[in-house]
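The chain contents come next:
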Amino acid sequence: MSTPPLASGHEGPHALRPLLDTVLEALDTGARARGGPLPAGGPEAVAGRIREAVGDVLPDRGDPHAVRTLVHAFAATAADPAHPLCAAHLHCPPLAVAAAADLAASALNPSMDSWDQAPGASELERLVATALAREVHPAGTPDSLVTTGGTESNQLALLLAREVHGGSVRLVCGANAHHSLPRAAWLLGLPEPAVVPAPGGTLDPDALDATLTRLSGPLLVAATAGTTDAGLIDPLPEIAAHCAAHGARLHVDAAYGGGLLFSDRHRARLTGLDAADTVTLDLHKLGWQPVAAGLLAVRDAHDLTALRQRADYLNADDDTEAGLPDLLGRSLRTTRRPDVLKLAVTLKTLGRSGLGALVDQVCAHARQFAALVDAHPDFELHAPPVISTVLFRPTGVTDTTVAAVRRALLTDGSAVLGRARLDGRLWLKATLLNPATGPDDLAALLHLAATSRATLVEGHTPR
């Protein structure tokens, strides 16, 4: 058997070209077979299709058509975030230019743990990390680390706070905080977090002040700029003022809302963000990147010295003294992908105005959809959207029916809506991250929800 072709090297592009044609064709035929935003039939039906396509996972003899078969099945059973009726989660449709750059990163396969594995990539990461850190912290000596997303960034933020305070810190967060924050406190062996009320979905600054007054010892306050449930933004200036008054460190989880920094129209909603010691960003949300594309921005680059490690085979003292960059302290991971390439290509290709225009579009779509909901007699709007998330529910039904409406849409593959529990009730959630969504798509999404409601409540499908 001859050696299979490699993706890089002089022959790599020639080996990839026919495979790319195969993959692109299979993506197309798979999407056509799916027909809608996700496959119909529910979990068992989808699992059966995958099992049929895969067959023997590790056959004695390989199948030369495996790429075509499995990519087709993968696309046919996917939830496609680029479909305008796929609007459940903070799961964006990636830009074609970012996906193309990600292919180059996969083909060359640099590992971002030593300079001799990633010479150019290491400098590219330094440039992009610094530039994005300055978007958050325009003054001082900021820096940022590339992460796998909000969960890793939040964990790093707690770790840095612990080390800055000499090995002990207590997390203070709102009841609206992302689950990764208390989980990170548990993982790091920190005390039980102090949870501050978040009436209406945002952290109460007066309750925070009372909590900080009551507690002693090093404290880390975690605020949120873009909750996963409703896209709400905590009152950052007031929170920052209370942190300063009590000497508490401030972290802001802006995994969702951080993308507003690119928009001249919406950037002011993040006023106070620059006061944070650390900030979580996710560009696989309002940045339209393939997963993963997270960052942790720090106001003071000196805080990152806590992550420094020495492994002679990666960053020997004499190598670093000779000028080879030390990459091991740039992450808790050792081997890691060059996710920075797709970020750099996107930033350079679209620029601030291009990214800002995409942010403005999805925020406008949310306002349009909210207006449709508000005008519909069979639906209740939770509140006007803050970013691009709209919560709504059928009127006159129980939470059980709300959940059933969503599952019915998922099972027949017609639409993907999320769910959120807020103010003691269950809501349908439309998270609008597709800039190409049009008015007809928004109307169709609400019509499908109305049809599902009528079928469940009234026992018939309206015309």
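Structure shown above.
Residues numbered from 1 in each chain as written. Predicted model: local features only at pLDDT ≥ 70, side-chain atom pairs only at ≥ 80, totals over all residues. Heavy atoms only, no water.

### Some remarks on the overall build of the protein
Along the backbone of the protein there are 14 helices and 12 strands. Taken against the 2.2 N^0.38 rule, which gives 23 Å for 463 residues, the C-alpha radius of gyration of the protein at 24 Å falls within 12% of a compact globule. Along the first, second and third principal axes, the C-alpha set of the protein runs to 70 × 70 × 40 Å. Expressed as a percentage of its 463 residues, the buried residues of the protein come to 50%. Sequence separation of at least 24 residues holds for 71% of the intrachain contacts in the protein that already meet a minimum separation of 6. Side chains of the protein give 38 positive and 50 negative charges; the mean places of these two sets differ by 4 Å. (Helix = DSSP H or I, 4+ residues; strand = E, 2+ residues; numbered from the N terminus. Rg over C-alpha atoms; globule rule 2.2 N^0.38 Å. Buried < 20%, exposed > 50% of the residue type's maximum accessible area, 1.4 Å probe, protein only. Contact = heavy atoms within 4.5 Å. Lys, Arg positive; Asp, Glu negative; His and termini not counted. Charge placed at Lys NZ, Arg CZ, Asp CG, Glu CD.)

### Concerning the pairing of strand β5 (residues 219-224)
Extensive coverage of β5 is indicated by the burial of 6 of its 6 residues. A two-sided burial pattern is seen for β5, the buried positions comprising L219, V221 and A223 on one face and L220, A222 and T224 on the other. Two strands pair when backbone bridges link them, and strand β3 (residues 170-174) and β5 are joined in this way by 4 bridges, in the parallel orientation. In the strand pairing of β5, R170 is matched with L219. Summarising the sheet, β5 and strand β6 (residues 249-254) pair through 5 bridges and their orientation is parallel. From the neighbouring strand, V221 faces β6, where its bridge partner is L250. Once the chain exits β5 it traverses helix α9 (residues 236-246) before rejoining the sheet at β6, and the crossover so formed is right-handed. (Pairing = 2+ DSSP bridges. Right-handed = clockwise from strand over helix to strand, strands pointing away.)

### Focus: the packing of helix α12 (residues 340-375) against helix α14 (residues 439-458)
Packing of α12 against α14 leaves a shortest axis separation of 10 Å and a crossing angle of 40 degrees. Overall, the two elements α12 and α14 adopt an arrangement that is oblique. Relative to α14, the crossing made by α12 is right-handed. Note on element contacts: α14 touches α12 through L442, A443, L445 and L446, opposite H365, Q368, F369, L372 and V373. When the residues that make up the contact of α12 with α14 are grouped by side-chain class, the tally is 7 nonpolar, 2 polar and no charged. (Axes fitted to C-alpha atoms, helices over the stretch in contact; angles between N-to-C directions. Parallel < 35°, antiparallel > 145°, perpendicular 65-115°, else oblique. Left-handed = near helix turned anticlockwise from the far one by under 90°. Nonpolar A, V, L, I, M, F, W, Y, C, P; charged D, E, K, R; others polar.)

### Quick look at the packing of helix α13 (residues 399-412) against α14
Direction vectors running N to C along α13 and α14 enclose 120 degrees, while the axes themselves pass 9 Å from each other. Taken as axis vectors, α13 and α14 run oblique relative to one another. Judged by the sense of rotation from one axis to the other, the crossing of α13 with α14 is right-handed. Along the contact surface, α13 presents T401, A404, V405, A408 and L409, while α14 presents L448, A449, S452, R453, L456 and V457.

### Quick look at the environment of T211
Tracing the sequence through the fold places T211 in helix α8 (residues 205-214). By relative accessible area, T211 is classed as buried at 8%. Here the alpha-carbon distance between T211 and R308, two residues 97 residues apart in the chain, equals 34 Å. Among residues more than four places away in sequence, those in contact with T211 are V172, A194 and V196.

### Some words on the side chain of D253
If you trace the backbone, D253 turns up in strand β6. Buried and without a salt bridge, D253 has K285 as its closest oppositely charged side chain, separated by 7.3 Å. For D253, the side chain forms a polar contact with the main-chain nitrogen of A255, separated by 3.1 Å. Sequence-distant contacts of D253, defined by excluding residues within four places in its chain, comprise N154, H178, A223, T224, A225 and T280. (Salt bridge = Lys/Arg side-chain N within 4 Å of Asp/Glu carboxyl O. Polar contact = N/O pair within 3.5 Å; in protein donor to acceptor, adjacent residues only side chain to side chain.)

### A look at the pattern of salt bridges
Scanning the entire structure with this criterion turns up 22 salt bridges. The salt bridge partner of E152 is R333, with a shortest N-O separation of 3.3 Å. One end of the pair, E152, is in helix α6 (residues 150-164); the other, R333, is in the loop between α11 (317-321) and α12, and 181 residues separate them in sequence. For E152, a relative accessible area of 12% translates into the label buried. You can call R333 partly exposed: its relative accessible area is 24%. Through salt bridges with shared partners, a single ionic network connects D102, R337, D339 and K342.

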